[in-house]
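# A closer look at the structure
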Amino acid sequence: MEISTNQIADEAIKAIRDKIKNLTRLNIAIVGKSGVGKSTLINSMFRDDLAKTGKGMPVTQEFREITKEDYPLSIFDTPGFELGKNQQDNVKKELLALIQKRNATRDINQYIHCIWYCVNTTSDRIEPEEEKWLREFTEENEINQVPVIVILTKSYFADDAEEMKKYIEGLNLNIISVVPVLAKSKGNIEAFGLDTLLAVMEEALPRELRDSLNNVQIASLEAKKKAAQAAVAAAVTVAFAEGFSPIPFSDASLLVPTQVAMIASITAIFGVDISKSIITGFVSSTLGAGGATILGKTAVSNILKLIPGAGIVLGGTISGTTAGLLTTALGESYIQLMIKVYNGEISKSQLETSRGQEELKAIFKSELKKERKNISKREKINV
C-alpha cells in the first residue's frame, strides 16, 4: 500500500477540521460588578479577544452570550451589580433559569459548565451584598451543581489577595476554589494566576471538555503540551497494538490513520491555524520526501537506519515496539512544531525552505533516538 505525502497532508487537514468542528462547546457564565476586570480576564485567558474592553461606563449592558463561529466556547456575561438590588436579584434568577433550561436539553454542548464570580481585590473586601448574593446563589445552585469559582481580579498586592482569599474561604460557601489573579501585567507587577485558574477548571470540568478548554486557552503553554502528550500516548497504544502482529514494510502505511488522528488531536489542543503546506512540510521532513511514498518500504527502511535494533524482525517486518517508537517520535516532533508555530518562531514560508525542513528533520531524528534510549532502559529494567 502506497500513500503520497500530498495524500497524507489532505487527510490530516480534513481530520483537523473534523476534530475542531466536533469539540464539545464549553460554556462559562461570568458574574461581578462592572469595572472588576471581566473583559480583561476573558481576553487574557482565551484566544481571539472575545470580549470588548472599555472605560468610563459598563461594557455589558445586558445579559448576553459572547461567542464566535467555529470556536468551541461561549461566555455568558451578566450586567454589573452596581445597578441595584433588583438587578442583582434579576441576574440570579436569570442565571438559575438559564442553567435549568440548558440542563433540560440533556446536551453537554448546551450546559453551563462553570461560573466565574469576580471580585475586585483592590476594594479590600467583598461587599455585603455580594456575599449575600453568593450565599443565596450557591444554595439554590446545589440542585444543579454547576462549579462556582471566585476569582479575585486585579490582585496587585499578594498580601491583600491572600487575606481576601482566606476570608471568602471562611464563609463556607458551596464554591470549588478562590483564585487570586492579575490578568494583565502592570508596571513591574507581572501577570499571574491564570494558570492556576486553568488547573482548577481542568479538575472541575468533565473529561469531554478538556480538549476544548486547551483549544481556546492561552494561559498555559505547558498545559497544552501536557494534553498533547496524552494524545500521543493514546496513539502509541493503538500503534503498538497494530504492530503487535508484525507489519510488513510495504504495509506500514496501515499506521497512517492512527498518526493522522494524533496530529489532528494535537492541532486542536494547540488551537493554531494550520495550513496544508505546514502539514506537507512536516510530513516530508519526517516520514518521507517530495512525492515519494510515505511509510512505504523505502521510507521505513531509511527511518529505521537511524535507530539500530529498533524492532526489525525476520521477514521484513516491523514490530509493535517499532510502530510505537515511530508514532511517539512523530507525535513529539509535531508538538515541538506546534510550540514553534504557537510562539511565532516558525512560519509557513520557513517550512517550505530547505533550512526549515532540515530543522524539522533534526528534531525528528533526535526524538527517534531519545525514544529508542527510553525503550532500552525499560527493557533493561524488565530483564
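My aim in this report is to walk through the structure given alongside it, one point at a time. What you are looking at is a predicted structure, and each value in this text was computed from that prediction instead of being measured.

Counting through the fold element by element, lysine 340 comes out in helix α12 (residues 320–342). Setting aside chain neighbours within four positions, we find lysine 340 in contact with Glu345, Ile346, Glu359 and Ile363.

In this section: the nonpolar core. Counting 41 residues, the largest nonpolar core has Ile266, Ile274, Ile279, Tyr334 and Leu337 as its most contacted members. The dominant element in this core, judged by the number of residues it contributes, is α12, at ten residues. Core analysis: the next-biggest nonpolar cluster, separate from the first, contains 32 residues, Ile30, Met45, Ile75 and Ile151 among them.

Looking now at the pairing of strand β5 (residues 114–120). Of all the seven residues making up β5, seven are buried; the element is thus mostly covered by neighbouring parts of the structure. Neither face of β5 is open: one carries Cys114, Trp116, Cys118 and Asn120, the other Ile115, Tyr117 and Val119, and all of them are buried. Across five bridges, the pairing between strand β2 (residues 26–32) and β5 is parallel. Considered in β5, the bridge of isoleucine 28 is made with cysteine 114. Relative to strand β6 (residues 148–153), β5 is paired through six bridges, and the arrangement is parallel. In the strand pairing of β6, tyrosine 117 is matched with valine 150. Note that the unit made of β5, helix α4 (residues 128–140) and β6 has a crossover that is right-handed.

A word on the packing of aromatic side chains. Taken as a whole, this structure holds five aromatic pairs when the rule is applied. Relative to phenylalanine 137, the ring of tryptophan 133 has its centre 5.0 Å away and its plane inclined at 5°; by these criteria the two rings are stacked. Placement of both tryptophan 133 and phenylalanine 137 in helix α4 is noted, with a separation of four residues, approximately one turn of the helix. Judged by its relative accessible area of 3%, tryptophan 133 is buried. An angle of 65° between the planes, with centres 5.0 Å apart, marks the rings of phenylalanine 282 and tyrosine 334 as edge-to-face. Taken together, the positions of phenylalanine 282 in helix α10 (residues 276–286) and tyrosine 334 in helix α12 put the pair 52 residues apart, joining distant regions of the chain. By the ring-pair criterion, three or more aromatic residues cluster together here, those being Tyr117, Trp133 and Phe137.

Right, let's get into the packing of helix α2 (residues 38–45) against helix α6 (residues 194–204). The contact between α2 and α6 brings their axes to 11 Å, and the two run at 75°. Judged on the interaxial angle alone, α6 and α2 are roughly perpendicular. Contacts between α2 and α6 pair Leu41, Ser44 and Met45 from the former with Leu194, Leu197, Leu198 and Met201 from the latter. When its residues are assigned to classes, the contact of α2 with α6 shows six nonpolar, one polar and no charged.

A few words now on a negative patch on the surface. A grouping of Asp124, Asp159, Asp160, Glu162 and Glu163 is seen on the molecular surface, where their side chains present a negatively charged patch. By the secondary structure assignment, glutamate 163 is in helix α5 (residues 158–169).

Conventions used here
- Residues numbered from 1 in each chain as written.
- Predicted model: local features only at pLDDT ≥ 70, side-chain atom pairs only at ≥ 80, totals over all residues.
- Heavy atoms only, no water.
- Helix = DSSP H or I, 4+ residues; strand = E, 2+ residues; numbered from the N terminus.
- Contact = heavy atoms within 4.5 Å.
- Core = buried A, V, L, I, M, F, W, Y, C linked by side-chain atoms within 4.5 Å.
- Buried < 20%, exposed > 50% of the residue type's maximum accessible area, 1.4 Å probe, protein only.
- Pairing = 2+ DSSP bridges.
- Right-handed = clockwise from strand over helix to strand, strands pointing away.
- Phe/Tyr/Trp six-rings, centres within 6.5 Å; stacked < 30°, edge-to-face > 60°.
- Axes fitted to C-alpha atoms, helices over the stretch in contact; angles between N-to-C directions.
- Parallel < 35°, antiparallel > 145°, perpendicular 65-115°, else oblique.
- Nonpolar A, V, L, I, M, F, W, Y, C, P; charged D, E, K, R; others polar.
- Patch = residues over 30% accessible without salt bridge, like charges linked within 9 Å, V, L, I, M, F, W, Y side chains within 5 Å.
- Areas by Shrake-Rupley, 256 points an atom, 1.4 Å probe, with all protein chains shown as cover.
- Salt bridge = Lys/Arg side-chain N within 4 Å of Asp/Glu carboxyl O.
- Lys, Arg positive; Asp, Glu negative; His and termini not counted.
- Charge placed at Lys NZ, Arg CZ, Asp CG, Glu CD.

Interpretation in functional terms is not warranted from these geometric data alone.
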